[in-house]
Amino acid sequence: MVVLNSIDNSFFSKDFVSQNQEVFLSVLKEKNIELYIKREDEIHPFVSGNKFRKLKYNIEEAKNQQKDTLLTFGGAFSNHIVATAVAGKLSAFKTIGVIRGDELGVDLNKTLSKNTTLKEAYKSGMQFKFVSRSDYRNKSEKNFIEELRKEFGDFYLVPEGGTNELAVKGCKEILTNKDEKFDYICSAIGTGGTIAGLIESAKDYQKIIGFPALKGDFLQDDIQQLVNRNDNWSLESDYHFGGYGKYNTELIRFINEFKTATSIPLDPIYTGKMLFGIIEKIKKNEFQKNSKILAIHTGGLQGIAGVNQRLKNKNQELINI
Ligand SMILES: *Cc1c(COP(=O)(O)O)cnc(C)c1O
């Protein structure tokens, strides 16, 4: 058992093999499809799913470089921010989060009282720097990083979303030999690091399908930069529900129905959209008959509370947790 918020130097040396949970739904039976969910969300409540995989070798590298601080970037509800904060604490690093939205820094207590993601990160000792949306766009520029070094001293930089070569290396460990029976591997996509690891580690006969959680054609190129092969993957760009962080009643209702039917919780930013897309594609016969599909549950459940708060303010149906 991981004890939350105390140092656990063995956390990242543990070899997590998450279980594949079969899903039983009438549509699957009807179409003769087997669907399993890889429960990476069960790795840890805050360092969940792919964020554990993406941070693992970065934290190892930061230790090798004898850094004592991790600095990274994210939005106000970012799974990556809270994962870095908690993983940093578990691994005895100081953490700095550069957060999009300078208005959030005006009254920190008020921000924390309304935002469970930032509150959790703060509880794990993360120090915040709130920046305007236009400054945030410079996050990968040299001058901006220089300024941050002047302000905070030396740090190990983890890019936004945690995606870099070491993140891809960690995500190669998601699939194991017990996953060889699957014809399709599905994953939600933010920056593309997770799917890159899946693409690199899949068997030759397996097809990887990515479901972008955001709008934009740049992902195809971004992913190509991270991988050595292009013959085994494709993107399904019709299931972003209007863009990053956007959702509607149909999606919320789907997440609730899926939870009732399978007892598996989904988040509305990533995994809910992916599963919605998978079920739609099954209904449209877009998977071959008798296929076995493995969908990666990349975690992100900590984000539900924030979405529910916004739904409640609008008097809309909440996500059941
Ligand atoms: C961050 C995140 C993703 C996106 O991962 P990328 O490697 O950036 O594509 C997918 N699902 C969940 C739940 C996430 O938190």
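Rules used in this analysis
Residues numbered from 1 in each chain as written. Predicted model: local features only at pLDDT ≥ 70, side-chain atom pairs only at ≥ 80, totals over all residues. Heavy atoms only, no water. Pairing = 2+ DSSP bridges. Helix = DSSP H or I, 4+ residues; strand = E, 2+ residues; numbered from the N terminus. Contact = heavy atoms within 4.5 Å. Axes fitted to C-alpha atoms, helices over the stretch in contact; angles between N-to-C directions. Parallel < 35°, antiparallel > 145°, perpendicular 65-115°, else oblique. Left-handed = near helix turned anticlockwise from the far one by under 90°. Near = heavy atom within 4 Å. Polar contact = N/O pair within 3.5 Å; in protein donor to acceptor, adjacent residues only side chain to side chain.

Caption draft 1: Molecular detail of the sheet that holds strand S3 (residues 69–74). The parallel open sheet is built from four strands, whose spatial order is S5-S4-S3-S6. Of all the strands in the sheet, just strand S5 (127–131) and strand S6 (156–157) have a single pairing partner and so form its edges. Sheet topology places S3 next to S6; two bridges connect them, and they run parallel. Paired with Leu-71 across the strands is Leu-157, a residue of S6. Contacts from helix H3 (residues 79–90) reach S3 and strand S4 (94–100), with the element oriented near 170° to S3.

Caption draft 2: Spatial organisation of the sheet that holds strand S7 (residues 184–189). Within the open sheet, the six strands sit side by side as S1-S2-S10-S7-S8-S9. Their pairing is mixed. If you trace the sheet from one side to the other, it starts and ends with strand S1 (20–23) and strand S9 (233–235), each paired once. Neighbour to neighbour, the strand axes of the sheet diverge by 25° on average, direction disregarded. Of the pairings in the sheet, the one linking S7 to strand S8 (residues 207–212) comprises six bridges and is parallel in character. From the neighbouring strand, Ile-185 faces S8, where its bridge partner is Ile-208. Packed onto the sheet, helix H10 (residues 218–226) meets S7, S8 and S9 and runs at close to 155° relative to S9.

Caption draft 3: Representation of the packing of H3 against helix H5 (residues 116–123) within the structure. In the contact formed by H3 and H5, the axes pass within 8 Å of each other and the chain directions differ by 15°. When the axes of H3 and H5 are compared, the pair comes out roughly parallel. Taken as a pair, H3 and H5 cross one another with a handedness that is left-handed. Taken together, the residues of H5 that come into contact with H3 (itself represented by Ile-81, Val-82 and Ala-85) are Thr-117, Leu-118, Glu-120 and Ala-121.

Caption draft 4: Local environment of the site of the ligand. Not every one of the 15 residues close to the ligand is listed here, only the nearest: Lys-51, Lys-54, Thr-191, Thr-194 and Thr-298. The contact in question runs from an oxygen atom of the ligand to an N or O atom on the side chain of Lys-54, over 2.6 Å. Between the ligand and the protein, one listed contact pairs an oxygen atom with a backbone N or O atom of Gly-193 at 3.3 Å. When residues in the shell around the ligand are grouped by element, the largest group, three residues, is from helix H2 (residues 50–64).

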